[in-house]
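Observations on the model geometry
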Amino acid sequence: MDTTPAGTPALLRTLNARAVLDVLGTGAQVARPDVVSATGLSKTTVAQTLRALEATGVVTEAGLDRDRRGPAATLYRVDPDYAFGLGIDVARDRVRVALVDVTGAIRARAERRDVKPTTTARARAAAELARACVNDVAARLPESTAVEVTRAVAAVPLIVGADQRTIRRVPGYEKGGTDLVEALEDSLGCPVSLENDLNLAALAEQRDGVAAGVRSFAVLGLGDGFGAGLVLDGKLHRGFAGGAGEVSFLPHPARALGSEALGASSLAVLAKEHGLPDDVTVKQLVDRAEHGDGASNDALDEVAERIGVVAASVALVVEPELFVLTNQAARAPIADRVKRFLAEKIAVLPIQVVSSELTCDAVVVGAARSASDALRDEVFRSAAAHPASGEAEAADEREEAAS
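Report follows, based on the coordinates.

The rules we used
- Residues numbered from 1 in each chain as written.
- Predicted model: local features only at pLDDT ≥ 70, side-chain atom pairs only at ≥ 80, totals over all residues.
- Heavy atoms only, no water.
- Helix = DSSP H or I, 4+ residues; strand = E, 2+ residues; numbered from the N terminus.
- Buried < 20%, exposed > 50% of the residue type's maximum accessible area, 1.4 Å probe, protein only.
- Contact = heavy atoms within 4.5 Å.
- Areas by Shrake-Rupley, 256 points an atom, 1.4 Å probe, with all protein chains shown as cover.
- Lys, Arg positive; Asp, Glu negative; His and termini not counted.
- Charge placed at Lys NZ, Arg CZ, Asp CG, Glu CD.
- Pairing = 2+ DSSP bridges.
- Salt bridge = Lys/Arg side-chain N within 4 Å of Asp/Glu carboxyl O.
- Axes fitted to C-alpha atoms, helices over the stretch in contact; angles between N-to-C directions.
- Left-handed = near helix turned anticlockwise from the far one by under 90°.
- Nonpolar A, V, L, I, M, F, W, Y, C, P; charged D, E, K, R; others polar.

1. Some details on the overall build of the protein chain
Scanning the protein chain from terminus to terminus reveals 12 helices and 13 strands. Summarising its shape, the C-alpha atoms of the protein chain cover approximately 80 × 55 × 40 Å along the three principal directions. Looking at the protein chain as a whole, 49% of its 403 residues are labelled buried. Taking as baseline every contact in the protein chain between residues at least 6 positions apart, the subset at least 24 positions apart corresponds to 64%. Surface exposure of the protein chain reaches about 19,100 Å², of which carbon and sulfur atoms provide 50%. Counting 44 positive and 57 negative side-chain charges, the protein chain places the centres of these two groups 1 Å from one another.

Printed below as a string of structure tokens:
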């Protein structure tokens, strides 16, 4: 017989802290009775959980609500300056960072191009950009407020292992291992987690983009490489060893098994076949097509067909509700062709395609959101360990026994 395992006291206290903090949201002032109503928790549990959150410093009192009937109620708010994290987008020759607070708000951004493709260069660039963001935010806050990055999440266009530290060794890609995460931690001075860039783009679309409220969807991104991020039944699907979404290697008609359907090497071959420079980037290809270049338009017909075949293959396996095109694939010269190809050639499959409104921001936004979630997880653990949380649990047990 199936049974539902009982949660440990620490887990229950963590869930209570999460529920209360979620109600307080992004800095709005909320009275305790409203927290009770929104969470369904008892008055005692809410009161003690708020005490535990206040003890961590993430929640502060924000005055009294004298407008409601009855006694004035204390107002509470999340202190957005309590903790800061960093989202990092480590692309082939560029590093972008976004400084995020505990509420999930991005407070500053910075970018550096022409970064050498070495772990040392990338780590140093991330640290320099982080310092610029910290200084920018600190200049707008009281001198007594410390702006310190305590967690970071870095997006990479590679397969990341289940430990979120190890880059898997894949033929044709960079050297694997933990060199990058160790270099980033050494430069930033805080814990760092790695994640595939399209996985983070999917999280951004789920939280801030066109896939908000969609339970199952796939993000297809085309830039320096081609890949997918999958959200199934509301959860990011990474696969057993982190390799889910490497759709550039799906079997494709008229192509050798195991060959790349889309990516740097296949794009170079495609460009050469159409009389274009073999070092042309996808962005340049789309730019040329927008200006009426015939060869570029012909090449994009092939690019769109390959994206469409990949979408159809994914649809046959997991049948997501939505496909989101991001990065260069979201631009009209590609997106319109993909939609037309699917409508004309594979109309039998229920494939809905939309373009991301986050476009090139999706990856760094997803990394920042993930870093903010990590900050909040630390808050929940601290609040759950505070004596006030245990007092709430004991009080609830007494109330239940008395009733």
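2. Structural notes on the sheet that holds strand β3 (residues 73-78)
Taken in spatial order, the 3 strands make up an open sheet running β1-β3-β2, and their pairing is antiparallel. The outermost strands of the open sheet, each flanked by one partner alone, are β1 (30-31) and β2 (59-65). In the sheet, β1 pairs with β3 via 2 bridges, with the strands oriented antiparallel. Residue pairing in the sheet places V30 in a bridge with Y76 of β3.

3. Concerning the pairing of strand β10 (residues 226-232)
With 6 of 7 residues buried, β10 lies mostly within the body of the structure. Here strand β9 (residues 217-222) pairs with β10 via 6 bridges, running antiparallel. Along β10, the bridge assignment pairs A218 with L230. From the end of β9 to the start of β10, which pair antiparallel, there are 3 residues. Relative to strand β11 (residues 235-237), β10 runs antiparallel, the two sharing 3 bridges. Within the sheet, the bridge partner assigned to L230 lies in β11 and is H237. Taking the residues that link successive antiparallel strands as the turn, the β10-β11 hairpin has 2 residues, and the phi of D233 there is positive, at about 55°.

4. Concerning the pattern of salt bridges
Applying the stated criterion across every chain yields a total of 23 salt bridges. Its salt-bridge partner being E111, residue R96 comes within 3.5 Å of it at the nearest N-O pair. Within this pair, whereas R96 is found in strand β5 (residues 94-101), its partner E111 is found in strand β6 (residues 106-113), the two being separated by 15 residues in sequence. Using a relative accessible area of 13% as the deciding quantity, one classes R96 as buried. Here R113 makes a salt bridge to E111, at a shortest N to O gap of 3.1 Å.

5. Here we look at the packing of helix α3 (residues 43-56) against helix α11 (residues 362-385)
Two elements in contact, α3 and α11, have axes whose closest approach is 8 Å; the angle formed by their N-to-C orientations is 120°. In this structure, the crossing between α3 and α11 has a hand that is right-handed. Here A52, L53 and T56 of α3 come into contact with α11, specifically with V379, S382 and A383. Taken together, the residues that form the contact of α3 with α11 break down as 4 nonpolar, 2 polar and no charged.

6. Section: the packing of helix α2 (residues 32-39) against α3
At a minimum axis distance of 9 Å, the contact between α2 and α3 shows a crossing angle of 115°. The hand of the α2/α3 crossing is right-handed. Residues R32, V35, V36 and T39 of α2 touch α3, and the partners they reach there are K43, V46, A47 and L50. Class assignment of the residues belonging to the contact of α2 with α3 gives a composition of 5 nonpolar, 1 polar and 2 charged.

Read these as layout, nothing more, since geometry by itself doesn't imply function.
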